[in-house]
Amino acid sequence: MSTPNHSQPQLFRELEEVLAEYLQDVEAGVKVDAEALAARYPKHRHELLEFIATDQQFRERSKTNSEAFQRTVLSGISQSAGSAPAITTPLQKVGEYELLEEIDRGGMGVVFKARHPTLRRTVAIKMLLAGAFASEEAERRFRREAAAAARLNHPGIVPVYDVGVVDHPGSLQGQTWFAMALVEGTDLARRIESELFDSSATAQLAIRIVDAIHFAHGKGVIHRDLKPANILLDENKNPHITDFGLSRSQDDNETQLTADGQIFGTPGYMSPEQASGKNASVGPETDIYSLGAVMYCMLTGRPPFRANSTVATLQQVVHDAPAPPRLLNRSVHPDLESIILKCLEKNPIDRYATADELKRDLEHFLKGESVSAASINLVGYLGRVLASSRNSEFLEGWSRALYAVSAVVLVFHVVLQFVPLTPTQATLINAGKYSLLLGVIWRARDGILTPQNPVERTIWSLWIGYILTYVATEIMVRLDSSPNANLYAIMSLVSSVILLVLGGHLWGGCYLIGGLFAILAVVLTAIPQLSIVLFGSLWAIVFFLLARSYQKQSRVSSHQV
Amino acid sequence: MKISEQQFERYRNYLRFLARTQLPTHLRARLDPSDIVQQSMLQAHQAADDFRGDSDAELMAWLRTILAGVVAHAVRDQHRGVRDVFKEHNIQQQLDQSSLFLANALISPLKTPSVVMHQEEVARNVADLVEELPDAQRDAIVLHYWQQLPLKQVAETLGKSPAAVAGLLQRGLATLREKAEEKIVP
């Protein structure tokens, strides 16, 4: 404890002693209460608190920094622009293998050329950097996946011979390695850099890649990180897919941002479901998407989405339609373009269901036969438009509320139509209808009435616009009491416009109903006496169909989780 | 990107600081970080045409690669031939990590106006600040936070008492914090 008569140097020494004690406590893992310490030495309060805050910040940052760093290295982002001197000293051993030289760096770690001395086999050893896994569970799962991938025996897939962990002491101890066949040649990314493929060459090579992927899917293995750099080409230009299932470990963290805001994987080839972090819905369709992206790149020299920053690229992957390949390369055959765009559909359900289906379409294309994806087929195109479902992730929870809305709308319009009411009573009933609807929405959204996302904002605006038009029309009709003015015919036209807008935002079927409303407007002018019930029924049907479609959607997605 | 003499100069403090983080404590007396940086700058200058990047980040990564080579050789010479294949890689990775830490240690990556200043620039500026500190304070900080030596070992290496080292750390960090607020975060 300090006494009031301490001189400056003595005070200094006391502070230093306290700090040294604090540091040694921290090193020993003792939790230090900064406030308590400061209270014990009030003279040094300021210095103590400031130092402890900075010191803790340094320690924390150093820790998170090294974690983030290892992930960064793992993803190959921290590659230097100049060439690093290659290591050539032999005889460093990994398992039974003697490392010969470094051949590549990036992706998952470092790749060495290595030799098995007794088997006389030259292999590629891929070394995963330590700290690659978020948890032991992640590492176990990774090994399981790798083991499954290792059993894939197909000429188009690079065989994995051996998996292990470096156990002898040294700088590599604890690192996971894979021994796989050494493919002498190049990879598709480098090949594309030197020359683009034409349509038929793309289809020919793609068929062989798709074949290998189909084989893997049959064995329950999904690649997850298919991209040109993972497709090796041997001297005879045969494709060999590598890194099967190896990217699994990268899916574990929900947000994969490293310290400098970079993301893992290769955003340009990543599927929308991966880019939006919905890892539960990653399936064979994910590889189909990436196959489409690879073909896209073979023809145009770039992935379907490429922006200035990773985040912007991911945004595009999730939300934007890809530029048609023919926009970038006029010589791309329209049928091949259709095939690629079908692979690149945002919703996995809209892509080819299996790799085999994709392969068949590619074969049809090569033979000059019509392909199932062709956009020339107007009926098929319309069918797709009508069945298309957008933004359903925003509205999945809505199905029950929509059933209720449908029922409320139907009941009220039946009442308004068939029960004789004075205008005041009708207005009251209408008011009751709207409060009931608001109540349903309020319940469905746990008491929040304001829109929470862009889709809801659109719907809110439309609804408010609808009510305003309704009130204005009602006033107009009452002011101008000519018998021809039919409130419901006018509202049918308004509804028609609203549904055409919803067709683009929610569900293609709305286009069709929008058309029906336009027809209804004409019908109501002819038979005004049934206006209310016909108009109300059509709206009830709209809500019912939407409710049913979201019910199905949420069943599908809960199935996937 | 063509790199001029003055441009290289901007990285001298940065490289010297990084070199300090990699020099083994028992070689402190024999290896001078300034010499290592001088050699690295010379190599960088001669190889300037090989540099293929066009951003500051790439240039700094490239300089770190060169620095790693020079450090590895210098250390190897001192050990007379005992070599580890992965030494150079390790050093390079540690340099990358030290550099990243340099950018994050003082200034929260969330707080940095990334629009205004990139991480690399922050790292370079912080390196300038650290290099300006009195020798003893800087050595204590490098050994304790970057080389992660416990207080006792730092004290032994510097030939001081643990309390004296704690004092050096406190004064060093206080200065850094103050200057960083003044010069880096506007």
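Chains are numbered independently. Their residues run from 1 in the order of the written sequence. Chain labels run from A onward and ligand labels from 1 onward, assigned in the order the entries are written. Local features in this predicted model are restricted to residues whose pLDDT is 70 or higher, and side-chain atom pairs enter the listing and the counts only when it is 80 or higher, whereas totals over whole chains, interfaces and linings include all residues. With hydrogens and water stripped out, all remaining heavy atoms of the structure feed into the side-chain values.

Engineer: Would you explain the overall build of chain B in this entry?
Structural biologist: Think of it this way: any DSSP run of H or I at least four residues long counts as a helix, any run of E at least two long counts as a strand, and we number them from the N terminus. Along the backbone of chain B there are 9 helices and 0 strands. The linear arrangement of helices and strands in chain B, starting from the amino end, is α-α-α-α-α-α-α-α-α. Three exposure classes are used, based on accessible area relative to the maximum for each residue type with a 1.4 Å probe and protein chains only: buried under 20%, partly exposed in between, and exposed over 50%. Within the span of chain B, comprising 186 residues, buried residues form 55% of the whole. In chain B, of all internal contacts separated by at least 6 residues, the share reaching a separation of at least 24 is 69%. For chain B, the accessible surface area stands at approximately 8,400 Å², while carbon and sulfur atoms represent 47% of it. Residues are treated as being in contact if the distance between any of their heavy atoms lies within 4.5 Å. Surface accessibility follows the Shrake-Rupley procedure with a 1.4 Å probe radius. Residue values consider only the protein chains on display as shielding.

Engineer: What is the right way to read the packing of aromatic side chains from this model?
Structural biologist: The description of an aromatic ring pair uses the distance of the two centres, along with the angle that the planes make with each other. Residues and elements named next belong to chain A. Here is the rule: rings of Phe, Tyr and Trp (six-membered ring for Trp) pair when centre to centre is within 6.5 Å. Planes less than 30 degrees apart are stacked, more than 60 are edge-to-face, and the remainder are tilted. Considering all chains together, one arrives at 11 aromatic pairs over all chains under this definition. Ring geometry for Tyr22 against Phe51: centres 6.2 Å apart, planes inclined by 80°, an arrangement best described as edge-to-face. Taken as a pair, Tyr22 in helix H1 (residues 8-27) and Phe51 in helix H3 (residues 45-74) lie far apart in primary sequence, 29 residues in all. By the burial criterion, Tyr22 is buried, and Phe51 matches it. Centroid distance Phe517 to Trp539: 5.3 Å. Interplanar angle 45°. Geometry classified as tilted. Highlighted residues: Phe517 in helix H19 (residues 509-526) and Trp539 in helix H20 (residues 531-560), separated in sequence by 22 residues. The exposure class assigned to Phe517 is buried, which follows from its relative accessible area of 0%. Through pairs of rings, three or more aromatic residues link up here, namely Tyr466, Tyr488, Phe517, Phe535, Trp539 and Phe543.

Engineer: Please clarify how the environment of Pro348 of chain A should be interpreted in this entry.
Structural biologist: Residues and elements named next belong to chain A. Position of Pro348 relative to the elements: it lies in the loop between helix H11 (334-343) and helix H12 (355-367). Through-space distance from the C-alpha of Pro348 to that of Pro284 is 9.1 Å; in sequence the pair is 64 residues apart. Ignoring anything within four residues of it in the chain, the contact list for Pro348 reads Glu273 and Glu285.

Engineer: Could you clarify how one ought to interpret the confidence of the model for chain B in this entry?
Structural biologist: The predicted structure's coordinates, where accompanied by low pLDDT, should not be read in detail. All names here are of chain B. pLDDT is a per-residue confidence score from the predictor, ranging from 0 to 100. On average, residues of chain B carry a pLDDT of 80, and 84% of them reach 70 or more. Overall, residues 109-116 carries pLDDT values under 50, and its contacts beyond four positions in sequence, including any with other chains, amount to 7 contacts. For this predicted complex, the interface score ipTM comes out at 0.86, while the overall pTM is 0.48.

Engineer: What am I meant to see in unusual backbone geometry here?
Structural biologist: Most peptide bonds take the trans configuration, and most residues that are not glycine carry a negative phi. Its identity as a non-glycine residue notwithstanding, Arg224 of chain A has a phi of 80°, on the positive side. Using a relative accessible area of 9% as the deciding quantity, one classes Arg224 of chain A as buried. Not every positive phi belongs to a glycine, and Gln148 of chain B is a case in point at roughly 55°. When its relative accessible area of 52% is taken as the criterion, Gln148 of chain B is described as exposed.

Engineer: Would you mind going over the packing of helix H6 (residues 199-218) of chain A against helix H8 (residues 284-300) of chain A with me for this structure?
Structural biologist: Geometry of a packed helix pair, given as the angle between the helix axes and the separation of the axes. All names here are of chain A. At a minimum axis distance of 10 Å, the contact between H6 and H8 shows a crossing angle of 160°. Here H8 runs roughly antiparallel to H6, going by the angle between their axes. Relative to H8, the crossing made by H6 is right-handed. Listed contacts from H8 to Ser199, Thr202, Leu205, Ala206, Ile209, Val210, Ile213 and His217 of H6 are Pro284, Asp287, Leu291, Met295, Met298 and Leu299. Gly counts as polar in this scheme, as do all residues outside two lists: the nonpolar Ala, Val, Leu, Ile, Met, Phe, Trp, Tyr, Cys and Pro, and the charged Asp, Glu, Lys and Arg. In terms of residue class, the contact of H6 with H8 is built from 10 nonpolar, 3 polar and 1 charged. Axes here refer to lines fitted to C-alpha atoms; in helices the fit is confined to the stretch in contact. Angles between the N-to-C directions go from 0 to 180 degrees. Roughly parallel means an angle under 35 degrees; roughly antiparallel means over 145; roughly perpendicular covers 65 to 115; every other angle is labelled oblique. Crossing handedness is defined as follows: a turn of the near helix away from the far one that is anticlockwise and smaller than a right angle gives a left-handed crossing, while the clockwise case is right-handed.

Engineer: Would you explain the sheet that holds strand E9 (residues 239-241) of chain A in this entry?
Structural biologist: What links the strands of a sheet is backbone hydrogen bonding, and the strands pair in either a parallel or an antiparallel sense. Residues and elements named next belong to chain A. Strand pairing follows a simple DSSP-based rule, namely that at least 2 bridges must link the two strands. Strand order in the open sheet formed by 3 strands is E7-E8-E9, with antiparallel pairing between adjacent strands. Each edge of the open sheet carries a strand with a single partner, namely strand E7 (185-187) and E9. Pairs of neighbouring strands in the sheet enclose a mean axial angle of 30°, with direction left out of account. In terms of strand pairing, strand E8 (residues 231-234) meets E9 through 3 bridges, oriented antiparallel. Bridging from a neighbouring strand, Leu233 pairs with Pro239 of E9. Taken strand by strand, H6 contacts E8 and E9, and its axis lies near 30° from that of E9.

Engineer: How should I be thinking about the side chain of Ser199 of chain A in this particular structure?
Structural biologist: If you trace the backbone, Ser199 of chain A turns up in helix H6. Beyond its immediate stretch of four places on either side in the chain, Ser199 of chain A contacts Leu299, Ser331, Val332, His333, Leu336 and Phe365 of chain A.

Engineer: What is the right way to look at the confidence of the model for chain A in this model?
Structural biologist: Residue and element names in this part refer to chain A. Within chain A, residue pLDDT values average 78, and 77% of them lie at 70 or more. No element of chain A has a lower mean pLDDT than helix H13 (residues 378-387), at 65, and none a higher one than H8, at 94. Within the model, pLDDT remains below 50 along residues 248-264, and this stretch shows 37 contacts once partners closer than five positions in the same chain are excluded.

Engineer: Please explain the pairing of strand E6 (residues 176-181) of chain A as it appears in this structure.
Structural biologist: Two faces make up the sheet, and in a regular strand the side chains alternate between them. All names here are of chain A. The buried count for E6 comes to 6 of 6 residues, which makes it a mostly enclosed element. Sheet analysis places strand E5 (residues 160-165) next to E6, joined by 5 bridges and oriented antiparallel. Bridge assignment links Val165 to a residue of E6, and that residue is Thr176.

Engineer: Would you explain the nonpolar core in this entry?
Structural biologist: Inside soluble globular proteins, nonpolar side chains tend to come together where they are buried. Grouped together as the largest cluster of nonpolar side chains are 73 residues, with contacts concentrated most on Trp62, Tyr145, Trp146 and Leu169 of chain B. Looking at this core element by element, the count peaks at 12 residues for helix H4 (residues 56-79) of chain B. The contacts of Tyr145 of chain B, once residues within four sequence positions are left out, are Phe51, Asp55, Phe58 and Arg59 of chain A together with Phe101, Leu169 and Leu173 of chain B. We define the nonpolar core as a collection of buried residues of types Ala, Val, Leu, Ile, Met, Phe, Trp, Tyr and Cys that are connected through side-chain atoms lying within 4.5 Å of one another. Core analysis: the second largest hydrophobic core is formed by 50 residues, Leu226, Leu233, Ile241 and Met295 of chain A among them.

Engineer: Just checking my understanding: could you explain the side chain of Ser98 of chain B for this structure?
Structural biologist: All names here are of chain B. Turning to its location among the elements, Ser98 is positioned in helix H5 (residues 87-105). Whenever two N or O atoms come within 3.5 Å, that pair is a polar contact, provided that in protein one can donate a hydrogen and the other can accept it, and provided that, for residues adjacent in sequence, both atoms are side-chain atoms. Within the structure, Ser98 has its side chain in polar contact with the side chain of Thr21 (distance 3.4 Å). When sequence neighbours within four positions are dropped, the list of residues in contact with Ser98 reads Leu18, Thr21, Gln22 and Trp146.

Engineer: So what exactly am I meant to see when it comes to H1 of chain A here?
Structural biologist: Expected span of a helix: the number of residues minus one, times 1.5 Å. Across its 20 residues, H1 of chain A extends 29 Å between first and last C-alpha, which sits within 8% of the 28 Å expected from 1.5 Å per residue. Restricting attention to buried positions, one finds in H1 of chain A the residues Leu11, Glu14, Leu15, Glu16, Val18, Leu19, Ala20, Tyr22 and Leu23 of chain A.

Engineer: Looking at this structure, how should I read a nonpolar patch on the surface?
Structural biologist: Residues and elements named next belong to chain A. For patches, a residue must show more than 30% relative accessible area and have no salt bridge; joins then use 9 Å for like charges and 5 Å for nonpolar side chains, namely Val, Leu, Ile, Met, Phe, Trp and Tyr. Any carboxyl oxygen of Asp or Glu within 4 Å of a side-chain nitrogen of Lys or Arg constitutes a salt bridge here. Judged by side-chain polarity, Leu410, Val414, Phe418, Leu516, Ile519, Val523, Ile527, Leu530 and Leu534 come together as a nonpolar surface patch covering roughly 700 Å² of accessible area. Those elements that provide at least two residues to the nonpolar patch are helix H15 (399-418) and H19. Leu410 gets classed as partly exposed once you look at its relative accessible area, which sits at 37%.

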